[in-house]
Amino acid sequence: MKVATTGVVTEVKAATFCPDFWPYIATEMEFYNGDVWVNVSSQIRAVNSTTGLFTDYPGGNPNVEAGAVQRNGDLYFSGSDSIWKFVPGTGAVTMWATPGIAVYALEYDAVNDLIWARDSSFNLRKYGGSTGVFLGSINASPGGYQFAIEPSGAFAYQISGSDIERVNLTSGVRTTILTGVVSNFGSNDLVFGPSSTGGTWS
């Protein structure tokens, strides 16, 4: 479904498939270059956001399962205790980083060129965007699987119970900023978007 700023909801693609790997836990969709990118049956799929037509890429890898994030025109997916890099132009999939632990949601910090990953112990793991080198982790347990990085790259936000927490990505300090605002389900997604007042992010 596509939701306009006016609140109008438009069906992009009928539910003839379901994005893979525990959709209720960690599967993410990523928008890039007019397409919505998902993983379906261990196959990378691009769904045109206007027509609903989709393209499957033969470069899909059975290890690519969840979490999608876009960096400099390439897409990154998590799966099989690794992070995989996918090049839309060629369909090539290569192993980019090997956390050695299951990782779910991914987020990209463009300011600092970092890719952050939520692992199965609920830590936030930091990787150099250009190198894939592991740069450390922050214990953010017991937050949910999903999280969001604000545009400055200074803070992450996560759901904990029915609250939303802000996590300082330098010190690891967690602060509850909203209470009782979401269902008690840590797999609900969080995304930063333009503020309704314009000119900033919310």
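Definitions and cut-offs
Residue positions are counted from 1 within each chain, in the order its sequence is given. Totals for whole chains, interfaces and linings use all residues, but because this is a predicted model, local features are given only for residues with pLDDT of at least 70 and pairs of side-chain atoms are given and counted only at 80 or more. For the side-chain quantities, the full set of heavy atoms in the structure was used; hydrogens and water were omitted. For every residue, the pLDDT score states the predictor's confidence, bounded by 0 at the bottom and 100 at the top. Strands are runs of DSSP state E lasting at least two residues, helices are runs of H or I lasting at least four, and both sets are numbered from the N terminus onward. By definition, residues are in contact when any of their heavy atoms lie within 4.5 Å. Between any two strands, at least two bridges found by DSSP are needed for them to pair. Note on geometry: axes are C-alpha line fits, over the in-contact stretch for helices, and angles between N-to-C directions span 0 to 180 degrees. Burial here depends on accessible area, computed with a 1.4 Å probe over protein chains only, as a share of the maximum for the residue type. Under 20% is buried, over 50% is exposed, and the range in between is partly exposed. What makes a salt bridge here is a side-chain nitrogen of Lys or Arg within 4 Å of a carboxyl oxygen of Asp or Glu, nothing more. Any N or O atom pair separated by 3.5 Å or less is treated as a polar contact, with the protein-specific requirement of one donor-capable and one acceptor-capable atom, and with residues adjacent in sequence counted only for side-chain atom pairs. Note on ring pairs: Phe, Tyr and Trp rings are taken, using the six-membered ring of Trp, and paired if centres are within 6.5 Å. Classes follow the plane angle, with under 30 degrees stacked, over 60 edge-to-face and the rest tilted. Only when the NZ of Lys or the CZ of Arg is both within 6 Å of the ring centre and within 35 degrees of the ring normal is a charge said to sit over the ring.

**Quick word on the confidence of the model for the chain**
Link 1 in the chain: Per-residue confidence for the chain averages 74 on the pLDDT scale, and 66% of its residues sit at or above 70.
Link 2 in the chain: Predicted confidence in the chain is weakest over helix H1 (residues 22-26), with a mean pLDDT of 38, and strongest over strand E13 (residues 123-128), with 93.
Link 3 in the chain: Segment residues 14-27 is flagged for pLDDT under 50; beyond a separation of four residues in sequence, or across chains, it makes 37 contacts in the model.
Link 4 in the chain: In the model, residues 194-202 has pLDDT below 50 throughout and makes 12 contacts with residues more than four positions away in sequence or in other chains.

**Focus: the sheet that holds strand E17 (residues 163-168)**
Link 1 in the chain: Taken in spatial order, the 4 strands line up as E15-E16-E17-E18 in an open sheet, and their pairing is antiparallel. Both outer strands of the open sheet, strand E15 (147-149) and strand E18 (174-178), are each paired with one neighbouring strand and no more. Each adjacent strand pair in this sheet contributes to an overall mean axis angle of 30°, direction not counted.
Link 2 in the chain: Relative to E18, E17 runs antiparallel, the two being bridged by 4 bridges. Along E18, the bridge assignment pairs Val167 with Arg174.

**Some words on the pairing of strand E16 (residues 155-160)**
Link 1 in the chain: Where burial is concerned, most of E16 is hidden: 5 out of the 6 residues are buried.
Link 2 in the chain: Relative to E16, E15 runs antiparallel, the two being bridged by 3 bridges. In the strand pairing of E16, Ala148 is matched with Tyr157.
Link 3 in the chain: Here E16 runs beside E17; their pairing, made up of 6 bridges, is antiparallel. Each bridged residue has a counterpart across the sheet, and for Ala156 the counterpart in E17 is Val167.

**Considering the pattern of salt bridges**
Link 1 in the chain: With the rule as written, the count across this model stands at 4 salt bridges.
Link 2 in the chain: Taking the shortest distance from any N to any O, the salt bridge between Arg71 and Asp113 comes out at 2.7 Å. On the criterion of sequence distance, the pair formed by Arg71 in strand E7 (residues 66-71) and Asp113 in the loop between strand E11 (103-109) and strand E12 (114-119) is long-range, its members being 42 residues apart.
Link 3 in the chain: Accessibility expressed as a relative area gives 9% for Arg71, which makes it buried.
Link 4 in the chain: Residue Lys85 is joined to Asp74 by a salt bridge in which the shortest nitrogen-to-oxygen separation is 3.6 Å.

**Re the environment of Arg71**
Link 1 in the chain: Between the alpha carbons of Arg71 and Ile115 there is a distance of 8.6 Å; along the sequence they are 44 residues apart.
Link 2 in the chain: For Arg71, the residues in contact, after removing those within four places along its chain, are Tyr76, Tyr108, Asp113, Ile115, Gly129 and Ser130.
Link 3 in the chain: Here Asp113 takes part through its side chain, which lies 2.7 Å from a polar atom of the side chain of Arg71.
Link 4 in the chain: Of the polar contacts made by the side chain of Arg71, one reaches the backbone oxygen of Gly129; its length is 3.3 Å.

**With respect to the packing of aromatic side chains**
How two aromatic rings sit relative to each other is given by the distance of their centres and the angle of their planes.
Link 1 in the chain: Using the criterion set out here, one finds 3 aromatic pairs in the structure.
Link 2 in the chain: Between Tyr76 and Trp96, the aromatic rings sit 5.0 Å apart at their centres with planes inclined by 70°, giving edge-to-face as the arrangement. In this pair, Tyr76 sits in strand E8 (residues 74-79) while Trp96 sits in strand E10 (residues 92-97), placing the two residues 20 residues apart along the sequence.
Link 3 in the chain: Where Trp96 meets Tyr127, the ring centres are 6.2 Å apart and the plane angle is 55°; that geometry is what we call tilted. Of the two residues, Trp96 is situated in strand E10 and Tyr127 in strand E13; the sequence distance between them amounts to 31 residues. Like Trp96, the residue Tyr127 is buried in the burial classification.
Link 4 in the chain: Over the face of the ring belonging to Phe134 we find Arg125, whose NZ or CZ atom lies 4.5 Å from the ring centre.
Link 5 in the chain: Stacked on the ring of Phe155, the Lys or Arg Arg166 has its end atom at 5.4 Å from the ring centre.

**Let's talk about the environment of Thr179**
Link 1 in the chain: Relative to the helices and strands, Thr179 is located in the segment after E18.
Link 2 in the chain: Using a relative accessible area of 56% as the deciding quantity, one classes Thr179 as exposed.
Link 3 in the chain: Residues Thr179 and Glu165, 14 residues apart in the sequence, show an inter-C-alpha distance of 8.8 Å.
Link 4 in the chain: Discounting chain neighbours no more than four positions away, the residues touching Thr179 are Ser162 and Asp163.

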